Amino acid sequence: MIEEAVDQLTELFEPFRNAKRAQTASAYMRDQFPFIGMRTEIRRSAQKSWIDSLKTLEDRVLRWSIIRALWEKEERDYQHVAIDLLNSWPKKFFSEDDAVELEWILNRKSWWDSIDSIASNYLGKWALVFPEKARETFEKWRYHESFWLQRSCLIYQLKYKDEVDTAYLENLIQQMNSNPEFFIQKAIGWSLRQLSKYKPEEVVQILANNPIKGLALREASKYLN
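Rules behind the numbers
Residues numbered from 1 in each chain as written. Predicted model: local features only at pLDDT ≥ 70, side-chain atom pairs only at ≥ 80, totals over all residues. Heavy atoms only, no water. Helix = DSSP H or I, 4+ residues; strand = E, 2+ residues; numbered from the N terminus. Buried < 20%, exposed > 50% of the residue type's maximum accessible area, 1.4 Å probe, protein only. Contact = heavy atoms within 4.5 Å. Areas by Shrake-Rupley, 256 points an atom, 1.4 Å probe, with all protein chains shown as cover. Lys, Arg positive; Asp, Glu negative; His and termini not counted. Charge placed at Lys NZ, Arg CZ, Asp CG, Glu CD. Phe/Tyr/Trp six-rings, centres within 6.5 Å; stacked < 30°, edge-to-face > 60°. Lys NZ or Arg CZ within 6 Å of the ring centre and 35° of its normal. Salt bridge = Lys/Arg side-chain N within 4 Å of Asp/Glu carboxyl O.

Engineer: I'd like a description of the overall build of the protein, backed by residues and values.
Structural biologist: From N to C terminus, the protein includes 13 helices and zero strands. Along the first, second and third principal axes, the C-alpha set of the protein runs to 55 × 40 × 30 Å. For the protein, the residues scored as buried account for 52% of the 225 residues in total. Contacts spanning at least 24 positions in sequence make up 70% of the contacts within the protein whose residues lie at least 6 apart. Carbon and sulfur atoms provide 49% of the accessible area of the protein, an area that totals close to 11,400 Å². In the protein, 33 side chains carry a positive charge and 34 a negative one; their mean positions are 6 Å apart.

Engineer: Could you give me a rundown of unusual backbone geometry, with the residues and numbers involved?
Structural biologist: Of note in the backbone geometry, arginine 30 takes a positive phi value of approximately 55° without being a glycine. Mapped onto the secondary structure, arginine 30 falls in the loop between α2 (19-28) and α3 (40-52). Phi is positive for aspartate 31, which is not a glycine, with a value near 55°.

Engineer: Before we move on, could you go through the packing of aromatic side chains and cite the residues and values that matter?
Structural biologist: One pass over the full model with this rule turns up 16 aromatic pairs. An angle of 25° between the planes, with centres 4.2 Å apart, marks the rings of phenylalanine 138 and tyrosine 156 as stacked. Of this pair, phenylalanine 138 sits in helix α8 (residues 131-141) while tyrosine 156 sits in the loop between α9 (147-155) and α10 (166-176); the two residues are 18 residues apart in sequence, bridging distant segments of the chain. Neither residue differs from the other here; phenylalanine 138 and tyrosine 156 are each classed as buried. Through a chain of ring-to-ring contacts, the aromatic side chains of Trp111, Phe147, Trp148, Phe182 and Phe183 assemble into a single cluster. Over the ring of tryptophan 89 we find arginine 63; its NZ or CZ atom is 4.5 Å from the centre of that ring. Here the basic side chain of arginine 135 rests over the ring of tyrosine 168, its NZ or CZ set 3.6 Å away from the ring centre.

Engineer: Could you give an account of the pattern of salt bridges, with specific residues and numbers?
Structural biologist: Applying the stated criterion across every chain, the model contains 18 salt bridges. Put simply, glutamate 75 and arginine 17 hold a salt bridge, and the shortest N to O gap is 3.2 Å. Placement of glutamate 75 in the loop between α4 (60-72) and α5 (76-88) and of arginine 17 in the loop between α1 (2-13) and α2 is noted, with a sequence separation of 58 residues between them. Note on glutamate 75: relative accessible area 13%, which makes it buried.

Right under this line is the structure:
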């Protein structure tokens, strides 16, 4: 079924292959991945019936096997479909065991588009359903050699509004603040900038308590007076 499902999606996409647009998309992503060359709205329209036929699939192993199969495909478009499929699953399908699968996809073919889409959506929702398992997972990821997993820890609360665990976020920032990696510094600033929409006083206090500088500080201060 897995191979058949992926083949069906490939058949839907092939008529939209566009070499010029694919080259432009790849260049935008710093030539990290090849593309089919579809605009996002066209891809989502083409994939809609395919995702609709799978998003109620209850077999957890099969669901994640399809995600992995899409992740192994060459063109980046298929990873974007995998993310849309993942984010379409209702919470009743979530499992503590998803931690293993999430680490697998976040740590492969990693780039800002996949990390940000998964971390701020599925990962964030999953962490609310399984808070103890999530904290155990994040305590592992925060010390991982992959800065992408570390970035995921910093941004999984982006959509929590005023429910952000600010103490934990500050603790993560204190650990990672000295990391010069662009995507870590950007994530520090982004997480604080988003929090400042709901708890500006707490962001001010975090900035006062920690030597946050440069890119992270500029991002964090964007909405502060």
